[in-house]
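Structural features, examined
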Amino acid sequence: MAQLAIAKEFLTEYAKLEKPVQKAVQQAIGRFQSHTHAGLHLERVRNARDPRIRTIRIDKFWRGVVLAPESGDSYCLLRVLPHDEAYAYCASRRFTVNQRLGVLESRDELQLETVTPALEKAAASSGVGERLFDQIKDADLKRLGVDEDVLPVIRLLTREEHLEALQRLLPAVQYDALVALASGMTVEEAWAEVSKNLVEATAPQRVDPDDLTTAMARTPEQVVFVEGPDELTRILAHPFDVWRVFLHPQQRKIAYRETYRGPVMITGGAGTGKTVTAVHRAAFLADRLPGEDGGEDDTPILLTTYTRHLADALRDQVALLVDDLATSGRIKIATTDSICFGVIKEAQGGRSPKPLLDGEMRERWENEAKALAFDHTGAFLLSEWEQVILAQRITTEQEYVKCDRRGRGRPLATARKPEVWRAIQTLTDRMRQDGVWSFLQMADEAARILDSTGQRLFRHIIVDEGQDLHPAQWRLLRAAVAEGPDDLFIAGDPHQRIYENRVSLKQLGIEVRGRSRRLTVSYRTTHEILSWAVQILHDDLPVTGMDDIDDALAGYGSPMHGRRPVVRRFPDREAELDALVEQVRDWAASGVERRAIGVASRRRDLAEQVKRKLKAAGLPAYAPSAKSDGVKVGTMHAMKGLEFQCVAAVGADEGLIPLDSVVPPEMDDLTAHQHALQRERCLLFVACTRARDALYVSHTGRPSPFLPIPR
Ligand SMILES: Nc1ncnc2c1ncn2[C@@H]1O[C@H](COP(=O)(O)OP(=O)(O)OP(=O)(O)O)[C@@H](O)[C@H]1O
C-alpha cells in the first residue's frame, strides 16, 4: 500500500472548498489509496518542471497536485487547485532536498527565470560592494543552505525589497537564511535562525538529493505522513485547525519529547504556539499513560490555567486533537481555582467552600475596614494579605514584621506592621466565621492540605499562561503532583504578565533550570504588527522570567506579512469612537466576520461606551468571551488568550496607558513603580498581539508614551 503524505497547503486549500468538492477530494484519495499500485490514478503532466509531479482528477474543474518520488512508495498531496492553476503550478514548481538541512523545499523556477533579467538590469547599475550580499562569501551562503541555483539570483539583489519580492519563489528555508543575513545577522546568528527548522538537534551528516521521502519526514511543519484511512478522516474532519497536524519542529521537539527529568518551562512571545504545544504535550502524555507501568493507576493528567474562559478554550482544543475518548478522559481540564475548591470540599467532608469573587472581596474588605475604623483602606489590607502574606506564606506576626515588602508600592514603617497584621487577622477571622473564602486563600489552604496528606492528585500537570499564577497557586500545583519526570510542563510568557503576581519558580520548589525551552516563530501575527508591538515593550527594566533569568524575546519573529498597524489621533472621544465605527464597518465590508473583530480598551467604562456606540450604529457588540455573533469588546485584561483577525485598541491616550491610578509614585517605591509600568506595557502588548491581520490604534490628545514613535 502506498504511503500517503499531506502538505499543509493542501489542507488549507481543502478547508476552503465547498462541501461537495471536499467529498470528491475524499473519493479521489480513496480510489488512489485503495490501489496497491497507487500510480494508477495519477496523471503525468506534460511540461511539468519537476518530472515527479502528477495530478489527480477530482472533478471537471478541480485537480489535486501530487508529488510522486521515484524511489519508495510514498505520495504527497501538495495542492488542490482549479484545473488551469494546477497545470500552471506544475509548469513552474520544482522540488529539491536542501543539501545542508535535508528538508524538502520547493521553488517557483519559472518565475525565478522570469524575474532574473530585471534583477540583472538593476544590478548592472550598482557599484562594487553595493549589492545586498556582497559581504557574504559563497561558502557561508552554502553553509546556510543556499544552493547553486539560487546563488546567482541572489547575488544580483541590491535591495531588501527585491529579496522580499522573491519570498514566494525561493525555497522557504533559503529565503529565511537570506532574510536573517539581510537584517544584519552574522552567519552564525543566521544559522541559529535556520537551524530552528531542523527536526534533529544538528543538520544531517549526509543528504541524498533524490530521497524526497526522507526529506518530507524532516519537514513536519509542511508535510505529514498519514498512517491510514482513519487518520486521514481525522485530519480532513477539521481542516481549518492545521495546528493539530503540522507542528513547527521547535513545537514538535518540545511536545513529543519522550520524557523530561523534572519540571520544564516553555516560553515564547505572543502567538508562538505555547498553548498549542501544551495541548499536544497533554495529548502525548495521555496517550502513553496506560502503558507506563502497565498498572491500573488512573490518576489523571491536569491541564490547567487561571481563568474559566481560557480553560474552556483548552477544552475545545483537546476535543479537536484527541478523538479517542479513553485518552481524552485521562486529561482533566480545570482552572487552578476549581482544583482548590475540590480539595477543600473533600477535606470538609463534601461541604462546598463559599468563595467570594474578586469584586465581592474588595467590597467586603472596604466596608469592614471602614466600619471598624481601621487606619488603612480595605484595598490596601487586601492587597497586603494577598501579595505579601499569602504570597510569602507568612503565618505569624513576627514573620510579617521581618518580611521584605519591597515592590509593594506603599512604604510601611516597621512600627506600623503589627497593626496591619492585626487588622488583616480580624478581617480573615470574620471571613472564617461567615464561612467565606477568597480564591487565593483557597489555593493556600488546598496546598497545605495536599502537603499534609501527601495525596497526589495528578500524574502530570500542564500549565498554560503560567506567568500570571500567584505563588499560592504554584504551591498548590507543586503539591498536587509527585516530584519526578514529567511532573510539571509550564507554558508562559513573562512579557505578557498582566497581574501583580511575580514568581520565582525555584523558590516555590519548582526547578526548571536547564529545562527551559523557547518558541520563537509567531503563527498568529504578521511581521509588521509584531515588530511594531515589540517596541511597546522596550524598557530599561529587564523582564525577569519565572526561572529568575532575564527574558529578551530573542529571535522572536513572524514569517507572515501584512499591513502596518495604523495609529490615529482624534480631538475628542466622540470623534475617536465615530472613526472606530467606520473602521469596524470597513473591516466588515471587506469580508471580515464581525466575531473576528476585537476592540480593546484599558478601562472598563470605555469598553462599555464602545459597546453602546457600536450597538447604536447597528453593529452588535459583546464581551470578548461571549459566544454570540458580534464584535468582541472588552478590557485589555479580558483579551488575554484570545485572537481576532482585526483588532482596534482604543483610548491609547497619555494618562490611560499607563493608567495613572495603578502606578504608584516613583518616590514611594521605585520597584513597585517600575513593575507597574512594565505591567501596563505588557497589557498594551497583549492587546495588540491579539491581531492576526490588522491592528488599528487610536487615541485622543497626547498618545500613550508606550506607543512606538513613527519613523
Ligand atoms: N504549528 C502550528 N500550525 C498552525 N497554526 C499554529 C501552529 N501553532 C500555533 N498556531 C496558531 O497560532 C495561534 C497562536 O497559537 P497559541 O495560542 O498556541 O500561541 P501562544 O504562544 O499560546 O499565544 P499567546 O501567548 O499570545 O496566548 C493560534 O491561532 C494557533 O492555532
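The structure presented is a predicted model; accordingly, all values stated were derived computationally and were not measured. (Residues numbered from 1 in each chain as written. Predicted model: local features only at pLDDT ≥ 70, side-chain atom pairs only at ≥ 80, totals over all residues.)

1. Re the overall build of the chain
For clarity, the threshold we go by: The helix count covers DSSP runs of H or I at least four residues long, the strand count covers runs of E at least two residues long, and both are numbered beginning at the N terminus. Put simply, the radius of gyration uses C-alpha atoms, and a globule should come to 2.2 Å times the residue count raised to 0.38. Neighbour counting defines burial: a residue surrounded by 20 or more other C-beta atoms within 10 Å of its own C-beta is buried, one with 12 or fewer is exposed, and intermediate counts give partly exposed, using backbone-placed C-beta atoms.
Across its full length, the chain carries 26 helices and 24 strands. For 711 residues, the compact-globule formula gives about 27 Å, and the C-alpha radius of gyration of the chain, at 28 Å, lands near that figure. Across its three principal directions, the C-alpha atoms of the chain cover 90 × 65 × 55 Å. Residues counted as buried form 45% of the 711 residues belonging to the chain.

2. Some remarks on the site of the ligand
Spelled out, the test is: Near, as applied to residues and a molecule or strand, means the residue's backbone-placed C-beta atom lies within 6 Å of it. Amino acid classes used here: Ala, Val, Leu, Ile, Met, Phe, Trp, Tyr, Cys and Pro are nonpolar; Asp, Glu, Lys and Arg are charged; the rest, including Gly, are polar.
Taken together, 21 residues lie around the ligand, and Ala-270, Gly-273, Lys-274, Thr-275 and Tyr-523 are the ones closest in. A per-element tally of the shell around the ligand places helix α13 (residues 274–288) first, with three residues. Tallied by class, the residues present in the shell around the ligand amount to seven nonpolar, ten polar and four charged.

3. A short note on the packing of helix α21 (residues 439–453) against helix α22 (residues 471–480)
The cut-off we apply is this: Between N-to-C directions, angles span 0 to 180 degrees; the directions come from axes that are lines fitted to C-alpha atoms, helices contributing only their stretch in contact. Oblique is the label for any angle not under 35 degrees, not over 145, and not in the 65 to 115 range, which are roughly parallel, roughly antiparallel and roughly perpendicular in turn. By definition, turning the near helix anticlockwise from the far helix through less than a right angle yields a left-handed crossing, and turning it clockwise yields a right-handed one. Contact definition: two residues whose C-beta atoms, as placed from backbone geometry, lie within 7 Å.
Remark: α21 packs on α22, axes separated minimally by 8 Å, with the N-to-C direction vectors making an angle of 25 degrees. In terms of axis orientation, α21 runs roughly parallel to α22. Viewed along their axes, α21 and α22 form a crossing whose handedness is left-handed. Residues Leu-440, Ala-443, Asp-444, Ala-446, Ala-447, Leu-450 and Asp-451 of α21 form the contact with α22, whose participating residues are Ala-472, Gln-473, Arg-475, Leu-476, Ala-479 and Ala-480. Its residues assigned to classes, the contact of α21 with α22 shows nine nonpolar, one polar and three charged.

4. Remarks on the nonpolar core
Side chains of a nonpolar character, in soluble globular proteins, are inclined to be buried together. We apply this condition: Only buried residues count toward a nonpolar core: Ala, Val, Leu, Ile, Met, Phe, Trp, Tyr and Cys, linked into one set through C-beta atoms within 7 Å.
Counting 145 residues, the largest nonpolar core has Cys-76, Ala-282, Leu-476 and Ala-480 as its most contacted members. Not counting residues within four places of it along the chain, the set of residues in contact with Leu-476 comprises Thr-336, Ile-339, Cys-340, Ala-443, Ala-446 and Ala-447. Val-633, Met-636, Ala-652 and Ala-691 belong to the second-largest nonpolar core, a separate cluster that totals 46 residues.

5. Overview of the sheet that holds strand β10 (residues 301–305)
Operational definition: Being paired, for any two strands, means DSSP has found at least two bridges between them.
Ordered in space as β11-β10-β14-β15-β9-β16, the six strands form an open sheet in which the pairing is parallel. Of all strands in the sheet, those bounded by a partner on one side alone are β11 (331–335) and β16 (516–519). Strand-to-strand twist in this sheet, taken as the mean axis angle between neighbours without regard to direction, amounts to 15 degrees. Two strands pair when backbone bridges link them, and strand β9 (residues 264–268) and strand β15 (residues 488–491) are joined in this way by three bridges, in the parallel orientation. Bridging across to β15, Val-264 finds its partner in Phe-489. Contacting β10 and β11, helix α16 (residues 336–347) crosses the sheet at an angle of about 100 degrees to β11.

6. Comments concerning the confidence of the model for the chain
What counts here: Values of pLDDT, which run from 0 to 100, indicate the predictor's confidence residue by residue.
For the chain, per-residue confidence averages 91 on the pLDDT scale, and 98% of positions sit at 70 or higher. This prediction of the complex comes with two scores: 0.90 for pTM and 0.99 for ipTM.

7. Some remarks on the environment of Arg-604
By the element assignment, Arg-604 lies in helix α25 (residues 604–616). Taking C-alpha positions, Arg-604 is 22 Å from Glu-465, a pair spaced 139 residues apart along the chain.

8. Re the UniProt feature "binding site: ATP" (unreviewed entry) in the chain
Worth spelling out the cut-off: UniProt positions are given in the numbering used here, feature names are shortened, and annotations may be inferred rather than shown by experiment.
On the UniProt side, "binding site: ATP" (unreviewed entry) is annotated at positions that read Gly-268, Gly-269, Ala-270, Gly-271, Thr-272, Gly-273, Lys-274 and Thr-275 here. Here Ala-270 lies in the loop between β9 and α13. By C-beta crowding, Ala-270 is classed as buried, having 26 other C-beta atoms within 10 Å. In this structure Ala-270 touches Asp-493, Gln-496, Arg-524, Thr-525, Val-686 and Thr-689, once residues within four positions along its chain are discounted. Position of Thr-275 relative to the elements: it lies in helix α13. Setting aside residues no more than four positions away along its own chain, Thr-275 makes contact with Asp-464 and Ala-491.

9. Considerations on the sheet that holds strand β2 (residues 43–44)
Spatially, the six strands line up as an open sheet ordered β2-β3-β4-β5-β1-β8, and their pairing is mixed. The open sheet has two edge strands, β2 and β8 (223–226), and neither has a second partner. Both strand β4 (residues 62–67) and strand β5 (residues 74–82) contribute to a ladder of six bridges, which runs antiparallel. Across the sheet, Arg-63 pairs through a bridge with Leu-81, a residue of β5.

10. Concerning the pairing of strand β14 (residues 460–463)
The cut-off we apply is this: Throughout, right-handed denotes a crossover for which the path from the first strand over the helix to the second runs clockwise when the strands point away from the viewer.
Of the two faces of β14, the one holding His-460 and Ile-462 and the one holding Ile-461 and Val-463 are both buried throughout. In this sheet, β15 lies alongside β14 in parallel orientation, the contact comprising three bridges. Considered in β15, the bridge of Val-463 is made with Ile-490. A crossover links β14 with its parallel partner β15, the connecting element being α22, and its sense is right-handed.

11. A short note on helix α26 (residues 670–688)
For clarity, the threshold we go by: In a helix, the anticipated span is given by 1.5 Å times the number of residues less one.
In this model α26 runs 27 Å from its N-terminal to its C-terminal C-alpha over 19 residues, within 8% of the 27 Å that 1.5 Å per residue would give. Turning to α26, the residues buried within the fold contact α23 (527–534), β17 (543–544), β20 (597–601), β23 (644–650) and β24 (691–700).

12. Overview of unusual backbone geometry
A cis amide bond links Ile-657 to the next residue, Pro-658, at an omega of -5 degrees. Mapped onto the elements of the fold, Pro-658 is located in the loop between β23 and α26. For Ala-373, which is not glycine, the phi torsion reads 55 degrees and is therefore positive. Relative to the helices and strands, Ala-373 resides in the loop between α17 (358–371) and α18 (378–392). A positive phi angle, close to 50 degrees, is found at Arg-393, a residue other than glycine. By secondary structure assignment, the location of Arg-393 is in the loop between α18 and α19 (397–402).

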